[in-house]
Amino acid sequence: MTRPAPSHVATGDLFRLEERTVLISGGAGAVGTTVGKAILESGGDVVFVDIVAQPNTDTWKAIEEAARLNNTKAIYQQLDVQDEDSITSAFLAINPQLRHSIRGLVSCAAISGESDACDYPIATFRKILDVNITGTFLIARAVAKEMHRANVPGSIVLIASISGHISNHGINTSAYNASKAAVHQLARSLAAEWGHPQNTFPGSTQSATNSNPSTESRGVYPPIRVNAISPGHIDTPLSEEARKRGLTVEWARQNMLGRISVAEEYRAPVLFLLGEGSSYMTGADLRVDGGHCAW
Ligand SMILES: NC(=O)c1ccc[n+]([C@@H]2O[C@H](COP(=O)([O-])OP(=O)(O)OC[C@H]3O[C@@H](n4cnc5c(N)ncnc54)[C@H](O)[C@@H]3O)[C@@H](O)[C@H]2O)c1
């Protein structure tokens, strides 16, 4: 189903998110809570999901206050993006609380870990890939299925990283870097599948990795745009250890603006990709990195 160009949308509304719900995975984290509050302030309801049982009390108070002031709604739900059953039960709990269909996802849930490659414990390497790439896939798929079920168009924003483009100087994070490069390619692959399904050649062939071949045409649904954002280094509580080792000073020197970023600087990029302002963008990666990768 091709969606007409939204040329009627007033310029002032290009970043507005009324009459929709946006789900944020990693919704108790630094970027998740900051962009979630911005979405509430831009007219959208937000479901924050995260592996922690509950978010920080003061942060959640500020989120609820933003929702109150903007007549929007904030919901918190615990889930583990690695675990399909946990996602399924979370949606059963979330759906009855929604005022509007889910039409957006900001996938923030991720973990990192530092180790020299030759000493990398393989269980940790696998865990990082499982959360960052399989977990991103599972939550994106669950949200896309909800959008298909509700027959609504949507926008999915996968938070990747400059670490998917370049290797970080001064810190050895091979698993994290590889996982974030995979997030870029996942965004392109899902964008291709969900943007305009009738263009997909019908059927799929049986093989050792496809026990579910099909000759039938796929369902046709309103388009879902899928893009990535690649943040540069962000000053979050997690940067504290890096700061102690002098790494944050080093990272600031590695970009054209001479400082690392703060979570608030990802509000506008996320709102842009979720809203009609980016109606002709899909399969892209928006680098927000102070020029780090351009140097
Ligand atoms: N902080 C940086 O410098 C930086 C730079 C580039 C990209 N990023 C990316 O931005 C995103 C947000 O990072 P942040 O700085 O807010 O980190 P953060 O650690 O504050 O937030 C990540 C959240 O994901 C949650 N999480 C971890 N495993 C989970 C699981 N299995 N299921 C559900 N939730 C889970 C954590 O509990 C946490 O709340 C991440 O994807 C990160 O890779 C961060």
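- The name given to the chain in an unreviewed UniProt entry is NAD(P)-binding protein, and the organism recorded there is Cucurbitaria berberidis CBS 394.84.
- Under the UniProt heading Sequence similarities (unreviewed entry), the entry covering the chain gives this text: "Belongs to the short-chain dehydrogenases/reductases (SDR) family."

1. Section: the pairing of strand β4 (residues 102-107)
Stage number 1. Among the 6 residues in β4, 6 count as buried, and that is most of the element.
Stage number 2. Where β4 lies against strand β5 (residues 154-159), 4 bridges are found, and the strand directions are parallel. When the bridges of β5 are listed, Val106 appears paired with Val157.
Stage number 3. What joins β4 to β5 is helix α4 (residues 122-150), and the crossover it makes is right-handed.

2. Some details on the packing of aromatic side chains
Stage number 1. Evaluated as defined, the whole model comprises 4 aromatic pairs.
Stage number 2. Ring plane angle 85° and centroid distance 5.3 Å describe the contact between Phe48 and Trp60, whose orientation is recorded as edge-to-face. Placement of the pair is Phe48 in strand β2 (residues 45-50) and Trp60 in helix α2 (residues 57-69), with a sequence separation of 12 residues.
Stage number 3. A residue is classified by how much of its surface remains accessible, and Phe48, at 0% relative accessible area, is buried.
Stage number 4. When the ring of Trp60 is compared with that of Tyr76, the centres are 5.9 Å apart and the planes differ by 75°; the resulting orientation is edge-to-face. With Trp60 in helix α2 and Tyr76 in strand β3 (residues 74-78), the pair connects residues that are 16 residues apart, well separated along the chain.

3. Some remarks on the pattern of salt bridges
Stage number 1. Tallying each qualifying case throughout the model produces 14 salt bridges.
Stage number 2. The closest approach of N and O atoms between Arg3 and Glu276, which form a salt bridge, is 3.2 Å. Of the two residues, Arg3 is situated in the segment before β1 (21-25) and Glu276 in the loop between α8 (267-274) and β7 (285-288); the sequence distance between them amounts to 273 residues.
Stage number 3. Residue Arg99 pairs with Asp45 through a salt bridge whose shortest N-O separation is 2.8 Å.

4. Some words on the packing of helix α1 (residues 30-41) against α2
Stage number 1. With their axes 8 Å apart at the nearest point, α1 and α2 run at an angle of 15° to one another. Between α1 and α2, the crossing angle belongs to the class labelled roughly parallel. In this structure, α1 meets α2 at a crossing whose hand is left-handed. For the pair α1 and α2, contact is made by Thr33, Lys37, Leu40 and Glu41 and by Thr59, Ala62, Ile63, Ala66 and Ala67, respectively.
Stage number 2. Considered class by class, the residues forming the contact of α1 with α2 number 5 nonpolar, 2 polar and 2 charged.

5. Some remarks on the layout of surface pockets
Stage number 1. Of the pockets and cavities examined, the largest pocket occupies roughly 1,400 Å³.
Stage number 2. What lines the largest pocket is a set of 47 residues, and nearest its centre among them are Ala110, Ile111, Ser112, Tyr176 and Leu238.
Stage number 3. Counting residues per element, the lining of the largest pocket draws most heavily on α1, at 3 residues.
Stage number 4. Grouping the constituent residues of the lining of the largest pocket by class yields 25 nonpolar, 15 polar and 7 charged.
Stage number 5. Its boundaries defined by the atoms lining it, the second largest pocket holds a volume of some 570 Å³.
Stage number 6. Lining the second largest pocket are 19 residues, and of these His148, Glu193, Trp194, Arg218 and Tyr221 sit closest to its centre.
Stage number 7. Contributing elements (two or more residues each) for the lining of the second largest pocket: α4 and α5 (174-195).
Stage number 8. With 5 residues, α4 is the single largest residue contributor to the lining of the second largest pocket.
Stage number 9. Looking at the lining of the second largest pocket residue by residue, the classes come out as 6 nonpolar, 8 polar and 5 charged.

About the criteria used
Residues numbered from 1 in each chain as written. Predicted model: local features only at pLDDT ≥ 70, side-chain atom pairs only at ≥ 80, totals over all residues. Heavy atoms only, no water. UniProt positions renumbered as here; feature names shortened; annotations may be inferred. Buried < 20%, exposed > 50% of the residue type's maximum accessible area, 1.4 Å probe, protein only. Helix = DSSP H or I, 4+ residues; strand = E, 2+ residues; numbered from the N terminus. Pairing = 2+ DSSP bridges. Right-handed = clockwise from strand over helix to strand, strands pointing away. Phe/Tyr/Trp six-rings, centres within 6.5 Å; stacked < 30°, edge-to-face > 60°. Salt bridge = Lys/Arg side-chain N within 4 Å of Asp/Glu carboxyl O. Axes fitted to C-alpha atoms, helices over the stretch in contact; angles between N-to-C directions. Parallel < 35°, antiparallel > 145°, perpendicular 65-115°, else oblique. Left-handed = near helix turned anticlockwise from the far one by under 90°. Contact = heavy atoms within 4.5 Å. Nonpolar A, V, L, I, M, F, W, Y, C, P; charged D, E, K, R; others polar. 1 Å grid on protein atoms, 1.4 Å probe; cavity = no way out; pocket = protein on both sides within 12 Å on 5 of 7 lines; lining within 4 Å. Points joined across faces, edges and corners; volume = space filled by probe spheres on them.

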